[in-house]
Structures are given as structure tokens and as C-alpha cells.
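Reading the structure
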Amino acid sequence: MRNGGENRGRLLLVILIVSSLFLITLDLRGVNLIDGLRGGTHTALSPFQRAGNVVLTPVKNFVNDVTHLGRTRNQIEDLRKQNLKLREQLISRKNQDGEVEQLKSILDLAGTARFKIVSAKVIAQGSSLVFTRTITIDAGSGTGIKKNMTVISGNGLVGVVKEVFANSAIVMLATDPAFKVGVRIAGSQQIGILAGLGSSTANLQLLDNQTTIKVGDILLARGSNNAQPFVPGVPVGQVTSVSNAAGAVTQSATVKYFANFGALGVVSVVVKAPKADPRDALAPVKPVPTPVPTVTVFVTPSPSTSPSAASN
Amino acid sequence: MLLRRFGITGTIFALFFIAQEAVIGQLNIPAGGFSIFLILTLLWAALSTPEIAAGVGFGAGILLDLSPSTSGPLGHWTLILVLMSYAIAFFSYGDENMRGNPLSVVLMVTLAQAIVLVSYLVTGFLLGITATSFSQTLITVIGNALWTLVVTPLMLPAVVWLHDLAFDSRMRI
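Below is a summary of the structure that appears in this document. Counting from 1, residues in each chain are numbered in the order their sequence is written. By the order in which they are written, chains take letters starting at A while ligands take numbers starting at 1. Under the rules for a predicted model, residues below a pLDDT of 70 receive no local features and side-chain atom pairs below 80 are neither given nor counted, while totals for whole chains, interfaces and linings still include all residues.

**Overview of the overall build of chain B**
Secondary structure follows DSSP: runs of H or I at least 4 residues long count as helices, runs of E at least 2 residues long count as strands, and numbering of each begins at the N terminus. What chain B contains, in helices and strands, is seven helices and zero strands. Start at the N end of chain B and walk to the C end: the helices and strands fall as α-α-α-α-α-α-α. Out of the 173 residues in chain B, the part that is buried amounts to 51%. C-beta atoms are first placed from the backbone for all residues, and any pair lying within 7 Å is then listed as a contact. Considering only contacts in chain B between residues 6 or more positions apart, those separated by 24 or more positions represent 71%. Burial in this document is a count-based property: other C-beta atoms within 10 Å of a residue's C-beta are tallied, and the residue is buried at 20 or more, exposed at 12 or fewer, or partly exposed in between, with C-beta positions derived from the backbone.

**Quick notes on the environment of Asp 217 of chain A**
Residue and element names in this part refer to chain A. As for its position among the elements, Asp 217 is in the loop between β8 (201-206) and β9 (218-221). The exposure class assigned to Asp 217 is buried, which follows from the 20 C-beta atoms found within 10 Å. Put simply, Asp 217 and Val 255 are 38 residues apart on the chain and 9.2 Å apart in space, counted from C-alpha to C-alpha. Ignoring any residue separated from it by four or fewer positions in sequence, one finds Asp 217 in contact with Ile 185 and Val 239.

**Quick word on the nonpolar core**
Judged by nonpolar contacts, the single largest core of 60 residues is most densely connected at Val 158, Val 171 and Val 236 of chain A. Looking at this core, the element that brings in the most residues is strand β1 (residues 116-125) of chain A, giving six residues. When residues no more than four places from it in sequence are discounted, the contact partners of Val 158 of chain A are Val 151, Ile 152, Ser 153, Val 171, Leu 173, Ala 174, Ala 259, Leu 264 and Val 267 of chain A. By size, the runner-up hydrophobic cluster in this structure holds 53 residues, among which are Phe 34, Phe 37, Met 108 and Ala 166 of chain B. Joining buried Ala, Val, Leu, Ile, Met, Phe, Trp, Tyr and Cys residues through C-beta atoms within 7 Å gives a set, and that set is a nonpolar core.

**Some words on the environment of Thr 150 of chain A**
Residues and elements named next belong to chain A. Relative to the elements of secondary structure, Thr 150 occurs in strand β3 (residues 150-152). Residue classification places Thr 150 among the buried residues on the basis of 28 C-beta atoms within 10 Å. The spatial distance from the C-alpha of Thr 150 to the C-alpha of Val 231 is 6.5 Å, given a sequence separation of 81 residues. For Thr 150, the residues in contact, after removing those within four places along its chain, are Val 160, Pro 229, Phe 230, Val 231, Val 234 and Val 270.

**Observations concerning helix α7 (residues 134-167) of chain B**
All names here are of chain B. A helix is expected to span 1.5 Å multiplied by its residue count minus one. Taking 1.5 Å of rise per residue, 34 residues should cover 50 Å, yet α7 covers just 42 Å from first to last C-alpha, more than 12% shy of that figure. Think of it this way: the bend at a residue is just the angle between two axes, each fitted to seven residues, one set ending at that residue and the other starting at it. Met 155 marks the point of greatest bend in α7, at about 40°, and the proline Pro 157 comes within the next four residues. For α7, the set of buried residues is Thr 140, Val 141, Asn 144, Trp 147, Thr 148, Val 151, Thr 152, Val 159, Val 160, Leu 162, His 163 and Ala 166. Its buried side turned inward, α7 meets α1 (2-22), α2 (36-46) and α6 (102-126). Downstream of α7 by a residue or two, Asp 168 has a phi angle that is positive, lying close to 50°.

**Focus: the environment of Phe 258 of chain A**
Residue and element names in this part refer to chain A. Checked against the element boundaries, Phe 258 lands in the loop between β11 (252-257) and β12 (266-272). Exposure remark for Phe 258: the 21 C-beta atoms within 10 Å place this residue in the buried category. Between the C-alpha atom of Phe 258 and that of Ile 218, which follows or precedes it by 40 residues, the distance is 9.6 Å.

**Looking at the pairing of β8 of chain A**
Residues and elements named next belong to chain A. Where burial is concerned, the two faces of β8 differ: the one with Ala 202, Leu 204 and Leu 206 is buried and the one with Thr 201, Asn 203 and Gln 205 is not. In this sheet, β8 lies alongside strand β7 (residues 191-196) in antiparallel orientation, the contact comprising five bridges. Note on β8: the bridge partner recorded for Ile 193 is Gln 205. Two strands pair under a simple rule: DSSP has to find at least two bridges between them. Linking two consecutive strands that pair antiparallel, namely β7 and β8, is a turn of four residues; a positive phi of about 85° is found at Gly 198 within it. Sheet topology places β8 next to β11; five bridges connect them, and they run antiparallel. Its bridge partner lying in β11, Ala 202 is registered against Val 255.

**Section: the sheet that holds β9 of chain A**
In spatial order, the strands read β6-β7-β8-β11-β10-β9 (chain A); together these six strands close into a barrel with antiparallel pairing. If you compare each strand with its neighbour and ignore which way they point, the axes differ by 40° on average. Each axis is a line fitted through C-alpha atoms, taken for helices only over the stretch in contact, and angles between the N-to-C directions span 0 to 180 degrees.

**Comments concerning unusual backbone geometry**
Residues and elements named next belong to chain A. Its identity as a non-glycine residue notwithstanding, Asn 148 has a phi of 70°, on the positive side. Structurally, Asn 148 can be placed in the loop between β2 (134-137) and β3. Taking the C-beta count within 10 Å as the criterion, Asn 148 has 15 such neighbours and is therefore assigned partly exposed. Phi is positive for Gln 189, which is not a glycine, with a value near 65°. For Gln 189, the location among the structural elements is in the loop between β6 (180-185) and β7. For Gln 189, a count of 12 C-beta atoms within 10 Å corresponds to the exposed category.

In C-alpha cells form, the structure reads like this:
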């Protein structure tokens, strides 16, 4: 009897494993039913994610404020006491101001490049437990967003649209390890491939072994055919260190992205690129040191009037 | 009876799944954070017979595979959770030293969680999913294990109560 029970258990296990492998095979073969199931789940979860976002935003902002208390603790402590009653209102206002600021900077960038954009709020972040870096935005195919469109923030490239649903879309961030983008260096026009590393930095690999890169070089997206997935000219990041490994075929470098992936509130999807490549027009202007005026004083020695000189 | 059990279990898992996706997933918890849904699945498996655990692992895996934040193919989480849930139940079922001791259950779930993540990564690599850097992976796996070690004892009484509710049993942990 016991053997019979064990056999049934093993049979069930085998059936479930075979079912799992069957599902994996179906998915890898691109069966449409499975895409529909995922889309349905996403559509069903979106309202909960929106509600969660609304509820958690003040909490997250509060935690963010608390983590920055270290520098001016006393001053903030005084302010906190004075503003205790207004905290909730203030946090809400700060949140709105931040979103407006982000939106303004995106519009500045898109206006300079003449991109046609659709702006959207970030309503969810993908779990890092699955080793990917994604966000969910509250605009989808209803606003003209399609798969493989470039996503930007006011600072530059954020990622690319990975999945589109009716009222939302999933964006693969540039920090995702699977993310790759062709870039060129502003000014010198050298080209290379930038790959995400799962953090705020990325790895740049130059394609030409005759060219060199240096710390501070600014990288712009090179652009793809028909501007998908990448529109040309979008600022991507800045070279922070250069690797000159002996025996390497081409130079490589570490790049810090311009976009702040920890504070993405509002992003924009480029739904139409301009006909003309903006070239280096979007590259952030490097700060120019203010010249300090120098004053040169010439001193001419006056003739000596000492008594010894007079007696001579 | 069977329908009632399936109904209650399914509802509990669906609610935890929504809570994970809508709340826990939105918090920027350092070092990869934790998944209350995975913890629930593994705890449920630890309290069940191997057959039920495998079935629960299958259902939970399907839900995780349908999650918008999952990058792998459908069936990826399912395969891993079926195997891990069955393994947990197989090792703990009938062993009162293991099942009757909350510390053992917590440690077993923590270890299982780490194994689940590593298995997900390895099988994902075999299926052609690009993996993150080794250091990031290590931080996520270790961080998640530590978070699980903290969160599991908090969830254990509730999960035992829910399990009793679904199966009309009196578990003593």
C-alpha cells in the first residue's frame, strides 16, 4: 500500500516535470497563447500595481528623506519638528515637483532633438530577484507605444520598450545585463558597443583598434535602422575609467550612465525620430572653469637716499 | 473537500502573489530584497506531503512564470518550484525533528530559497537568458537568503494557520 502511494507520488512528480518542460518548449517555440496569458496577467495586475505605487510613494519618499539625514542631522531635525503637521502635504508636493522637473528636462532634451515623445509615469519596478532590470510605465499601445522604442529621461537614455500592453509597457533598463547599444563618442565620432552590467555603470568596447578613448568622453547613441530600437544622438553616459589591458584587441572602458536609475519617476518613449540626425547637439555641455582674474604688480625700486650713499 | 482545499490554497497564493507584485516588489529593498511568495511556497511545501507540495510548486511556478517581471520562458519557475517543493516535503515529511522545530523549518526554507535562485540562474543560463555579473549574483543570492532568514520566522505562524485552515489539520510547530 505504501509502495503504491510512493509510486503515485513519483508518477505525479514526473507528470508535473514533463508538463513544465512542455510549457518551456511551447514558450521557446513562440506559441501565441503564452504571450496572451502573460499579457492577461499583466493587465490584471496593473491596477494593483498602480494602487501599490500610490500607497507606497509617500513611504518611499519618507525613507529616502530619512536616509539623507546624516549630513545635516541637527538642521533637518529642527525642520522636521516644525514641519511635522505639514509633512504629508510637503512630501506630496515634493513628489509632484520632482515629476514636473523630470518632465521638463525630458521635454528640453526631446525638443532640442525634435523627437516626438509620449511621457509616462513609472508605476512599478521589476524584481531584481530575476536578475533583470525593468520598469513598468503607465502608457501602452493605446498611446502609440510599440516594442523596441527608445526610452529617455531628462538626462539621457533609460532603456528600450520590451513588452507593450494596452495601457502599460515594460521597459528594459540600460543597466540590464542583456542590454546592448551602439554608441559613438561625441566629438571624435569613434564607435563602440556599450553593454549593461546590472549596476549604474556599463562596459564600453571600441570597435576600432586604431582609436583611443579617455576619461570624460561623452557617449551618444549611434542610432539603429529606422530609429528602432535606438534613435541617434541620445546622451548615454560618460567614460569614468579606461582599461588598457596588454594584449587586448581593442580598448574598453567603464561608463557611468547619465540617467539616474534609482529615481525614475517620469520617462518618455520616443515614438517618432526626426529625419535629421541631431549629431552632437544633445551632448551635455562640459562645465567650463570660470577664469580667475590675476593682477600683476610691477615694483620699480626708488633711488636710495641713505646717508652713506650721499657721502659717496 | 478537495475543491475547498484547492479553493482556499489558490486564493491564499493569489493574494500573496498580488501582494508581492504590487507592494513588496515596489520597495527598493537592498541586496535583492525578498519574495514573500517564494517563502510562502516553500513553507507550504515544508508543511505538506510530497504530492501536495509538488502540486503547489507547480501552481506557484505557473503564477511566477506569468509575472510581468519574469524574463524566462513559461515553465522555467514551474520546473524549479516543482522539484524544490517536492524535495523539501520529501525530506521533512514524517520527520518530526525537522517539521516540529521552527528553527529547522526556517533554516530549511532559507537554504531552499538560495538553491532555488541559483537553480533559476543556472537553468536560465542553459536556456540562453543573459545572466548578470558574478558579484551582483552573489550579492542577490546572499542578500535574499539573509532577508529570508529574517522574514520567514515572521511569516511562519501565519502560514501554519492558513495551512491548517486549508487542510483542517492541527500542525504543531
